[in-house]
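Geometric and topological summary
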Amino acid sequence: MEAIVELKNVTKVIKNRKIIDDISFRVNRGEVFGFLGPNGAGKTTTIRMIVGLMRITSGDILIGGTSIKTDFEKAVSHIGAIVENPEMYKFMSGYDNLVHYARMSKGITIEKINETVELVGLTDRIHDKVKTYSLGMRQRLGLAQCLLHDPKVLILDEPTNGLDPAGIREIRDYLRQLAREKNMAVIVSSHLLSEMEMMCDRIGIIQNGKLIDVQSVHDFVQGTETVFEFEVQPADEAILLINTSYPEAASKRSRNGISASLEKEDIPTVVQMMVEAGIQVYGIKEVPKTLEDRFLEVTSEKGETAHV
Amino acid sequence: MFNLIRNELMKIFKRPGTYVMIGILVLITSIAAGFIKYQQLDNISGNAKWEQRLKEETASAKQQMAMSKSKPEKDYLKRQIAINEYRLEHRIAPEEKYSTWEFVSDASQIISLAGLFVIIISAGIVASEFNWGTIKLLLIRPIKRSKILLAKYSSILLFGLFLLSILFIYSTALGAVLFGVPDKTAPYLNYYDGKVTEQNMVIHLIKYYGMNSIGMLMLSTMAFMISSVFRNSSLAIGLSVFLMFTGGQITNLIAMKFSWAKYILFANTDLMQYFEGSPLINGMSLSFSVIVLTIYFLVFQFLAFYIFNKRDVAA
């Protein structure tokens, strides 16, 4: 796979404080890369450095092989972006806004503008002033603005912020489609984990300015071990039983009974043991780990090790 | 670059405020014209005895000058006496009828209002982008920041030129309608350094406009600089307008005590002082003022461009 965006040991220092600490990763063509982290972790700062709104203290960022530091104009011509909310000139029509941005890139025709308007579904309202637009329409206009020049990289900071569920779904499908059909690299940032799980191919987790993990969503959610939940009676005896036979299982009370981390192969044995011990088993189910669990797990783990 | 300037002008002219400014400019000019016309109707005194009148005027001015102690007043009277004597000597009557050129000359006071509007626009041209949040989308285009800033500055100049043309053309046209165009334009009598010379009226007016625009240019450049450095349009407007109204007086006050006042921007913005009247401080010359103005201009531009280029956009 071809890397289109490459961050090399990027560090940002503001007033002697390291906001971003030695981040390196690559984003390939045709993939949706999620940038995940709690508020204030440095997602937006990193994105601002990629698009050249902020300077890089040390390290470098390459877009399509061109450094944003040395040849800003060429590097940034590959990028279409919305940084935070898509702020537009409210006193002008949506169309005028697009014309304004079209004049700033080379070779964008009127047809291209109309085509993009059609694509984001704003044809009916494009000649109205932006101040009359709803938030969803502004998001679409923002999207039109970054697609005008057919960029190779699309960067969206919190793209689903303030959208209703239908709008979120629409944006999600649309981004996946762009990545697939136009072979674009899409970088999205969010703190909404469920969103990222559905939208992204790979995820980079950032915390306190450090990139602590980059994994594919699939691997990330799966992890290594699985948790099972047993609906049993009496619970205390069952916990004792599991913990003596499988000390690593760390069985404990959960909402509907007890939980234990076990291999799938061990389940029949455990059930047999319980039955023999006179414990009544009402149900067993695998608890799927969500990105959220993993995220909290990873961030707290790394957070702890960082303190030691 | 052409496209960038088109963008900036679009952003200026798509806002209703701009048309309010143009409206006020036209309105004030019209009111001034109406006022003068009304006064004129009251005051149709014969011009036949102008020689006698001028003589009387000169005599009283001389008397006044003997009593006067302040330098500006003396200068003013001296000028009046010199011009009156020149008229008597060369038999040039004061304009018989108030004509469009007199009106344009009187209306040129309104330039400072146009200047005020240009300051308001230039104070907002960078700061507003930060306020609106549009700066983020503006700076991620494949165009260097300095080019964007240059386009913004050029647009301010064009806008200033536009307002001045409106003022000039409108006052000429209105003057022509209300007061008429004279067949033979009386020359403008210029007084400088104790001597009186004749000048073509239209050339004088254009020069007068040009010279007056220098103060406007410097102040809007300053507003532009403040706007780009502090990203705050209120500060830029407030400070520039405050200096526009008080800068001259403060400089005059300082000039009475200290000779370094000649390095203050406002001591130099009025280049007319080298063509008419007398310089604020002895020892100042046209080339001195031009150099001082150039230095101020370059410093303002350097600050604006340097900081705008370097800035991390976090708004």
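The residue numbering used here restarts from 1 in each chain and proceeds along that chain's sequence as written. As a convention, the first chain written is A and the first ligand written is 1, with the rest following in written order. Per-residue local features are limited, in this predicted model, to residues with pLDDT of at least 70; the limit for side-chain atom pairs, both in listing and counting, is 80 or more; totals at the level of whole chains, interfaces and linings are taken over all residues. Excluded from the side-chain calculations are hydrogens and water; all other atoms, namely the structure's heavy atoms, are used.

This next bit is on the overall build of chain A. Assigned secondary structure in chain A consists of 11 helices and 14 strands. Its C-alpha atoms give chain A principal-axis dimensions of about 80 × 45 × 35 Å. We call two residues in contact when some of their heavy atoms are within 4.5 Å. For chain A, the proportion of contacts with a sequence separation of at least 24, taken over those separated by at least 6, is 67%. With residues, only the protein chains shown are counted as cover, and all accessible areas are computed by Shrake-Rupley using a 1.4 Å probe. Only carbon and sulfur atoms are counted for the fraction: they give 48% of the accessible area of chain A, which is about 14,800 Å². Only runs of H or I of at least four residues qualify as helices and only runs of E of at least two qualify as strands under DSSP, and these elements are numbered from the N terminus.

Residue and element names in this part refer to chain B. As defined here, a cavity is a set of points on a 1 Å grid over the protein atoms alone where a 1.4 Å probe fits but cannot get out. A pocket is an open set with protein on both sides within 12 Å along at least five of seven lines, and residues line them when an atom is within 4 Å of a point. Grid points are joined across faces, edges and corners, and a volume is the space filled by probe spheres set on the points. Following the criterion strictly, the structure yields 3 cavities of 30 Å³ or more and no others. Of the pockets and cavities examined, the largest cavity occupies roughly 50 Å³. Taken together, E8, K11, R15, G124, I125, S128, E129, W132 and K152 make up the full set of residues lining the largest cavity. Mapped onto the lining of the largest cavity, the elements with two or more residues apiece are α1 (2-13) and α6 (111-132). When residues in the lining of the largest cavity are grouped by element, the largest group, 5 residues, is from α6. Split into classes, the residues belonging to the lining of the largest cavity amount to 2 nonpolar, 2 polar and 5 charged. Ten residues, namely Ala, Val, Leu, Ile, Met, Phe, Trp, Tyr, Cys and Pro, are considered nonpolar, four, namely Asp, Glu, Lys and Arg, are considered charged, and the remaining ones, Gly among them, are considered polar.

For the rest of this paragraph, the subject is the sheet that holds strand β14 (residues 280-287) of chain A. All names here are of chain A. Each pair of strands is called paired provided DSSP finds at least two bridges between the two strands. Strand order across the open sheet formed by 4 strands is β12-β13-β11-β14, with antiparallel pairing between neighbours. At either end of the open sheet lies a strand with only one pairing partner, and these are β12 (252-254) and β14. Neighbour-to-neighbour, the strand axes of this sheet turn through a mean angle of 35°, independent of strand direction. Sheet topology note: the strand β11 (residues 226-233)/β14 ladder contains 7 bridges and is antiparallel. Looking across to β14, one finds that V232 is bridged to V281. The strands that helix α10 (residues 267-276) touches are β11, β13 (257-262) and β14; relative to β11, the one it contacts most, it runs at about 20°. Here an axis means a line fitted to C-alpha atoms, over the contact stretch when the element is a helix, while the angle between two N-to-C directions is reported on a 0 to 180 degree scale.

This part is about the sheet that holds strand β10 (residues 210-216) of chain A. Residues and elements named next belong to chain A. Taken in spatial order, the 6 strands make up an open sheet running β6-β7-β8-β3-β9-β10, and their pairing is mixed. If you trace the sheet from one side to the other, it starts and ends with β6 (79-82) and β10, each paired once. For this sheet, the mean angle separating the axes of adjacent strands, direction not counted, is 15°. Both strand β7 (residues 153-157) and strand β8 (residues 185-190) contribute to a ladder of 5 bridges, which runs parallel. Residue pairing for β8: V153 is matched across the bridge by A185. Here helix α5 (residues 135-147) sits on the sheet and contacts β6 and β7; the angle it forms with β6, its principal contact strand, is near 165°.

All right, on to helix α3 (residues 94-102) of chain A then. Of all 9 residues that make up α3 of chain A, 9 are buried, and the element is covered over most of its length. By the burial criterion, the buried members of α3 of chain A are G94, Y95, D96, N97, L98, V99, H100, Y101 and A102 of chain A. Burial here depends on accessible area, computed with a 1.4 Å probe over protein chains only, as a share of the maximum for the residue type. Under 20% is buried, over 50% is exposed, and the range in between is partly exposed.

This paragraph deals with the interface of chain B and chain A. By a frequent convention, interface size equals the accessible area lost on bringing the separate parts together. Between chain B and chain A, the residue contacts involve 31 residues of the former and 29 residues of the latter. Note on chain B versus chain A: buried area summed over both sides is about 3,000 Å², and carbon and sulfur give 57% of it. Any Lys or Arg side-chain nitrogen located within 4 Å of an Asp or Glu carboxyl oxygen qualifies as a salt bridge. Taken together, chain B and chain A are joined by 3 salt bridges. Two N or O atoms form a polar contact when they lie within 3.5 Å of each other; inside protein one atom must be a possible hydrogen donor and the other a possible acceptor, and for residues adjacent in sequence the pair counts only when both atoms belong to side chains. Linking chain B with chain A are 17 residue pairs in polar contact (both at pLDDT 80 or more), by the criterion used here. Of all the secondary structure elements, the ones that give two or more residues to the side of chain B that touches chain A are α1, α6, α7 (135-138), α8 (145-179) and α12 (286-310) of chain B. With 6 residues, α1 of chain B is the largest single contributor of residues to the side of chain B that touches chain A. Residues that form the side of chain B that touches chain A fall into these classes: 13 nonpolar, 5 polar and 13 charged. Summed over both partners, the accessible area lost on bringing two parts together, with a 1.4 Å probe, is the buried area.

Confidence of the predictor at the level of single residues is given by pLDDT, which spans 0 to 100. Across chain A, pLDDT averages 83, with 92% of residues at or above 70. Confidence scores differ between elements of chain A, with helix α11 (residues 291-307) of chain A showing the lowest mean pLDDT of 62 and α3 of chain A the highest of 91.

All names here are of chain A. Viewed as axis vectors pointing N to C, α3 and α5 meet at an angle of 25°, and their least axial separation amounts to 10 Å. When the interaxial angle is binned, α3 and α5 end up roughly parallel. In this structure, α3 crosses over α5, and the sense of that crossing is right-handed. Here G94, L98 and Y101 of α3 lie close against α5, whose contacting residues are L141, A144 and Q145. Looking at side-chain class alone, the contact of α3 with α5 contains 4 nonpolar, 2 polar and no charged residues. Geometric relationships in this document are graded by angle, where less than 35 degrees denotes roughly parallel, more than 145 denotes roughly antiparallel, 65 to 115 denotes roughly perpendicular, and other angles denote oblique. The sense of a crossing depends on the near helix, which, turned anticlockwise from the far helix by less than a right angle, makes the crossing left-handed and, turned clockwise, makes it right-handed.

Our next topic: α6 of chain B. Residues and elements named next belong to chain B. Compared with an ideal rise of 1.5 Å per residue, which puts 22 residues at 32 Å, α6 spans 30 Å between its outermost C-alpha atoms and is within 8% of the ideal. What is called the bend at a residue is the angle between a pair of axes, fitted to the seven residues leading up to and ending at it and to the seven starting from it. The sharpest bend along α6 measures roughly 45° and falls at I125. Across the 22 residues of α6, 17 count as buried, placing the element largely inside the fold. One or two residues past the end of α6 sits G133, with phi positive at roughly 85°. An expected span of 1.5 Å times one less than the residue number is assigned to each helix.

Here the focus is the confidence of the model for chain B. All names here are of chain B. The predicted model of chain B averages 83 in pLDDT, with 90% of residues at 70 or higher. Across chain B, element-level confidence peaks in α1 with a mean pLDDT of 92 and bottoms out in strand β1 (residues 188-192) with 71. Scoring the predicted complex yields pTM 0.81 and, for the interface, ipTM 0.77.

Note on pairing: side chains with opposite charge can pair once their charged atoms come close. Residues and elements named next belong to chain A. The full count for this structure, using the stated rule, is 19 salt bridges over all chains. The salt bridge partner of E6 is R26, with a shortest N-O separation of 3.3 Å. Residue E6 is located in strand β1 (residues 3-14), and its partner R26 is located in strand β2 (residues 17-28); the two are separated by 20 residues in the primary sequence. Relative accessible area serves as the criterion here: at 45%, R26 is assigned to the partly exposed category. K112 is the salt-bridge partner of E115, the closest N and O atoms lying 4.0 Å from each other. Taken as a pair, E115 and K112 lie in helix α4 (residues 110-119) at a separation of 3 residues, close to a single helical turn. Beyond isolated ion pairs, a larger network of salt bridges with shared partners links K112, E115, D150 and K182.

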